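Structural description and commentary
These are the residues of each chain, in order.
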Amino acid sequence: MGKKKTPNCDEEWASMSRDEVYNWIFALVSLVSTITYLAILVPRKIGAPASEVSYVAPLLWVFGCGMVVGFGTALAVRLAAPKDSKVRDERDKEIELIGQYVGSGFVTIGAMAALVLSILEVDHFWVSNSLFVGFLFAAVLSSFAKAAAYRGEYPEI
Amino acid sequence: MTSEEKNQWAYGVASLVVSVAYFVWLVAQAQDAPAVDIDYVPAMLWAIGLGIVLNIFGSIVACVTNPAEVGKKDQRDRDVTRRGDAVSFYVFSIAAVGPLVLAMADADTFWIANSLYAACALTAVVGVVVKIVSYRKGI
């Protein structure tokens, strides 16, 4: 596995590629969503049996708000970006792959956990949340892995 | 055909044969009894195990038929793998929303487990089809 050095680490915000800006939006939105969801869910679960915890409304709100804020901000950035801003290049594509590898790992772990839990007939609370938290972790970790790749060295996949 | 392409054929055929066999069995069972009463767990575990064994067997056949090619990966193999994996990731992420919705709606675990298995099988087959088409027609 070769290492690639990201050129020019002192780039200013304005010279970031659009993909990097989108990635930062995605990273922050997914981090805030994950923290919010767990902050609502964990206190509800403590001291209550899984079957009595109401998690569906917070899940849908966190998902809906995350989508609206994320895509809204990305659209605003797209409209505000100068016409000559950098479009996607080879480096963006390589870093996108790193995000996909990290993301698919966590989505798969969440789904496999959900499959085992549903075969064992565990309460739906655990099945839903292993899937949803798998998605959230995939979003947070893949976007921060990409953000780190943009700022430093990254492995070639 | 490169050894990587043969591996993909092995994986694709194994996934397709096993999952189709499983779902045919499931539909046949559903004729006689309500779906939620079917004892699907042993059959699903057999299907998963058999899929893995067939895939390994197929890879070994691919190796034996052309030992000189084994382990050689060129740029085209890498490009095809990247593209197939990217498509698989998006297909699986979207397909896994189905089981999530079923679980949130408190559907029977039969439906959740089987929709998850279907999502995996679909992803495997789509990934292989994308890779094989990329090999044949170029990227």
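Below, the structure is looked at part by part. (Residues numbered from 1 in each chain as written. Chains lettered and ligands numbered in written order. Predicted model: local features only at pLDDT ≥ 70, side-chain atom pairs only at ≥ 80, totals over all residues. Heavy atoms only, no water.)

1. Details of the overall build of chain B
The test is simple: Strands are runs of DSSP state E lasting at least 2 residues, helices are runs of H or I lasting at least 4, and numbering of each runs from the N terminus. Only protein chains enter the accessibility calculation, which uses a 1.4 Å probe; a residue whose area is less than 20% of its type maximum is buried, one above 50% is exposed, and one in between is partly exposed. Residues are treated as being in contact if the distance between any of their heavy atoms lies within 4.5 Å. For every accessible area listed, the method is Shrake-Rupley and the probe measures 1.4 Å; residues are considered covered only by the protein chains on display. Two residue types count as positive, namely Lys and Arg, and two as negative, namely Asp and Glu; His and chain ends fall outside the count. Charge positions come from single atoms, namely NZ of Lys, CZ of Arg, CG of Asp or CD of Glu.
Helix and strand counts for chain B stand at five helices and zero strands. Starting at the N terminus and ending at the C terminus, chain B contains elements arranged as α-α-α-α-α. Once the C-alpha set of chain B is aligned to its principal axes, its extents read approximately 50 × 30 × 20 Å. With 139 residues in all, chain B has 41% of them scored as buried. In chain B, of all internal contacts separated by at least 6 residues, the share reaching a separation of at least 24 is 81%. Accessible area of chain B: about 7400 Å², with a carbon and sulfur share of 70%. Averaging the coordinates of the 10 positive side-chain charges in chain B and doing the same for the 12 negative ones gives two points 18 Å apart.

2. Focus on the packing of helix α3 (residues 90–119) of chain A against helix α5 (residues 109–137) of chain B
What counts is decided by this rule: What counts as an axis is a line fitted to C-alpha atoms, over the stretch in contact for a helix, and the angles between N-to-C directions run from 0 to 180 degrees. Here a crossing is called left-handed whenever its near helix is offset anticlockwise from the far helix by less than a right angle, and right-handed whenever the offset is clockwise. Three classes are used: nonpolar for Ala, Val, Leu, Ile, Met, Phe, Trp, Tyr, Cys and Pro, charged for Asp, Glu, Lys and Arg, and polar for all others, with Gly counted as polar.
Between α3 of chain A and α5 of chain B, the least distance of the axes is 9 Å, while the angle of their chain directions is 145 degrees. Every pair of crossing elements has a handedness; the one defined by α3 of chain A and α5 of chain B is left-handed. Across from Ala 111, Met 112, Ala 114, Leu 115, Ser 118 and Ile 119 of chain A in α3 of chain A, the residues of α5 of chain B making contact are Thr 109, Ile 112, Ala 113, Leu 116 and Cys 120 of chain B. Of the residues that constitute the contact of α3 of chain A with α5 of chain B, the class distribution is nine nonpolar, two polar and no charged.

3. A word on the packing of aromatic side chains
Residues and elements named next belong to chain B. The criterion, for reference: Only centres within 6.5 Å qualify two rings of Phe, Tyr or Trp (six-membered ring in Trp) as a pair; their planes then separate them into stacked at under 30 degrees, edge-to-face at over 60, and tilted for everything else.
Counted according to the given criterion, the structure contains 11 aromatic pairs over all chains. Taking 5.4 Å as the distance between ring centres and 85 degrees as the angle between the ring planes, the aromatic pair formed by Tyr 40 and Phe 110 counts as edge-to-face. Linking Tyr 40 in the loop between α1 (3–32) and α2 (41–65) with Phe 110 in helix α5, this pair joins segments that are 70 residues apart in sequence. When sorted by exposure, Tyr 40 lands in the same class as Phe 110, which is buried. On the numbers, 4.9 Å between centres and 85 degrees between planes, the contact of Phe 110 with Trp 111 is edge-to-face. By relative accessible area, which is 42% here, Trp 111 ends up partly exposed.

4. Overview of the side chain of Thr 34 of chain A
Tracing the chain through its elements places Thr 34 of chain A in helix α1 (residues 18–45). Once you skip the residues sitting within four places of it in the chain, Thr 34 of chain A turns out to touch Leu 136, Phe 137 and Val 140 of chain A.

5. Points about the environment of Ala 76 of chain A
Of note, Ala 76 of chain A is situated in helix α2 (residues 56–80). Distance in space between the C-alpha atoms of Ala 76 of chain A and Asp 92 of chain A is 20 Å, their sequence separation being 16 residues.

6. Description of the interface of chain A and chain B
By a frequent convention, interface size equals the accessible area lost on bringing the separate parts together. Quick reminder of the rule: Buried area: the accessible area, evaluated with a 1.4 Å probe, that two parts lose upon being put together, summed over both parts. The term salt bridge refers to a side-chain nitrogen of Lys or Arg lying within 4 Å of a carboxyl oxygen of Asp or Glu. We define a polar contact as two N or O atoms separated by no more than 3.5 Å, with the added condition that, inside protein, one atom must be a possible hydrogen donor and the other a possible acceptor, whereas residues neighbouring each other in sequence contribute only through side-chain atom pairs.
Residue-level contacts link 26 residues of chain A with 25 residues of chain B. Surface buried jointly by chain A and chain B totals about 2200 Å² across both partners, of which 73% is contributed by carbon and sulfur atoms. The interface formed by chain A and chain B holds zero salt bridges in total. Counting across the interface, chain A meets chain B through six residue pairs in polar contact (both at pLDDT 80 or more). At the level of secondary structure, the elements contributing two or more residues to the side of chain A that touches chain B comprise α2, α3 and α4 (124–151) of chain A. When residues of the side of chain A that touches chain B are assigned to their parent elements, the largest contribution, 14 residues, is made by α3 of chain A. In terms of residue class, the side of chain A that touches chain B is made up of 17 nonpolar, seven polar and two charged.

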